[in-house]
Amino acid sequence: MNMKNIAVIGAGTMGNGIAHTFAQFDFKVSLIDVSQASLDKGMATINNNLDRMVAKEKISEADKKRTLDNISTFTSVESGVKTADLVVEAATENLELKLKIFRDLDSFCSEETILASNTSSISITQIAAATKRPEKVIGMHFMNPVPIMKLVEIIKGYSTSEETFITVEELSKKLNKVPVEVNDYPGFVANRILMPMINEAVETLYNGVAGVKEIDTVMMLGMAHPMGPLALADFIGLDVCLSILKVMYDGFKNPKYAPCPLLVNMVMAGKLGAKSGEGFYDYSENRKAEVVSSQFVK
């Protein structure tokens, strides 16, 4: 199947990054969000990221203009997906929302359109069951920041056809990504390994073993991680981390995936990390300083 028209649902961090990447490789992209303000913010992010690439001489001004010209924005899902060969859903990590989106996409899109989800943990099989085309539903889990990170986890649901998988695998390679085939189990590969590590770092803090900066320093200098697990959790979003852990805990019923009470409390308090201005670190006034550690200990 010759794919040229791509629709992306959601203009947030992942959605605008996915739209940017496809557009940069000369696909025609429809970026869709229910909020015009979110679309404007998403396009501003794409513009700023392209400016950084121009400044680093990775692309030219002409490349930037071509990329932006390849993106159209829509507040109507039905209008945005009319001509799509592939739709990539990058909405909030919420099962009921995703099921509704896929039911709508199934009715709005051509029978030939492949429907992909950028979900980081939710079952592709369950999402596909909300449609009448489960063989054309697949997971396409990009990593953040999408324009830079090479990996795409391609998740096959129970009914995903080999033809759909091969099409999405080849498409990923056209984006200069490295696709990795993954079966449909909670957390897939990346988050099944990453989230328990983050959760254990939160437990270590919660139990008073060491402070925020100390835990991150040990993992960066001792394990050669580019970013400490608590800083990474802030970057991902503590609410997202909690959601993924809950999916794995519900899916496996294994206590090792149970979210740390500290993580639960921080999310309830609205301390979601960089996007809310405070998580394990304080991001107000563009600072990245350790938050008072006494808040975290039992």
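Rules of the game
Throughout this document, residue positions are counted from 1 along each chain, in the order its sequence is written. Two thresholds apply to this predicted model, a pLDDT of at least 70 for residue-level local features and 80 or more for giving and counting side-chain atom pairs, whereas whole-chain, interface and lining totals are computed over all residues. Calculation of side-chain values draws on the structure's entire complement of heavy atoms; hydrogens and water are dropped beforehand. Note on conventions: DSSP H or I runs of at least 4 residues are helices, E runs of at least 2 residues are strands, and numbering of each starts at the N terminus. Atoms counted for the radius of gyration: C-alpha only. Globule rule: 2.2 Å times residue count to the power 0.38. The contact criterion used throughout is that any non-hydrogen atoms of two residues lie within 4.5 Å. Exposure was quantified through the Shrake-Rupley algorithm and a 1.4 Å probe, taking into account, for residues, occlusion by the shown protein chains and nothing else. Charged residues are defined narrowly, with Lys and Arg counted positive, Asp and Glu counted negative, and His plus the chain ends left uncounted. For charged residues, the charge sits on one atom: NZ in Lys, CZ in Arg, CG in Asp, CD in Glu. UniProt positions are given in the numbering used here, feature names are shortened, and annotations may be inferred rather than shown by experiment. Categorising residues by exposure relies on relative accessible area from a 1.4 Å probe, with only protein chains included: less than 20% of the type maximum marks a residue as buried, more than 50% marks it as exposed, and the intermediate range marks it as partly exposed. Per the annotation, domain bounds derive from an automatic or database assignment of domains. Note on definitions: buried area is the accessible-area loss of two parts on being combined, 1.4 Å probe, summed for both.

**Student:** Explain the overall build of the protein chain to me, using residue names and the numbers behind them.
**Tutor:** Within the protein chain, the secondary structure is distributed over 12 helices and 10 strands. Taken over the C-alpha trace, the protein chain has a radius of gyration of 20 Å; the compact-globule value for 298 residues is 19 Å, and the two agree within 12%. Taking the principal axes of the C-alpha coordinates as reference, the protein chain spans close to 55 × 45 × 35 Å. Taking the contacts inside the protein chain whose residues are at least 6 apart along the sequence as the reference set, 65% of them involve residues at least 24 apart. Accessible surface, the protein chain as shown: approximately 14,200 Å² in total, 54% of it carbon and sulfur. The average position of the 31 basic charges and that of the 36 acidic charges among the side chains of the protein chain differ by 1 Å.

**Student:** Quick rundown of the UniProt feature "binding site: NAD(+)" (unreviewed entry) in the protein chain? Include the residues and the values.
**Tutor:** Those places that UniProt annotates as "binding site: NAD(+)" (unreviewed entry) correspond, in this numbering, to Gly-10, Ala-11, Gly-12, Thr-13, Met-14, Gly-15, Asp-33, Glu-93, Lys-98, Ser-120, Asn-144 and Lys-275. When near neighbours in sequence (up to four residues on either side) are disregarded, Met-14 contacts Ala-90, Asn-118, Phe-142, Met-143, Asn-144 and Val-146. Residue placement: Lys-98 occurs in helix H5 (residues 95-108). In this structure Lys-98 comes out as buried when scored by relative accessible area, which is 0%. The residues contacting Lys-98, other than those within four sequence positions of it, are Glu-89, Ala-91, Thr-92, Glu-93, Ser-117, Thr-119, Ile-122 and Ile-127.

**Student:** I'd love a proper account of the domain arrangement of the protein chain, names of residues and values included.
**Tutor:** Here the protein chain is described as being made up of domain 1 (5-183) and domain 2 (191-290). The C-alpha centroid of domain 2 is placed 26 Å from the C-alpha centroid of domain 1. Taken residue by residue, the interface counts 7 residues in domain 1 and 5 residues in domain 2. Roughly 490 Å² is buried in total at the junction of domain 1 and domain 2, and carbon and sulfur atoms are behind 55% of that figure.

**Student:** How would you sum up the UniProt feature "site: Important for catalytic activity" (unreviewed entry) in the protein chain? Please name residues and give values.
**Tutor:** In the numbering used here, UniProt assigns the "site: Important for catalytic activity" (unreviewed entry) feature to His-141. Secondary-structure assignment places His-141 in strand S6 (residues 137-142). Excluding residues that lie within four positions of it along the chain, His-141 makes contacts with Ser-117, Asn-118, Thr-119, Ser-120, Leu-151, Val-152, Glu-153, Ile-155 and Asn-191.

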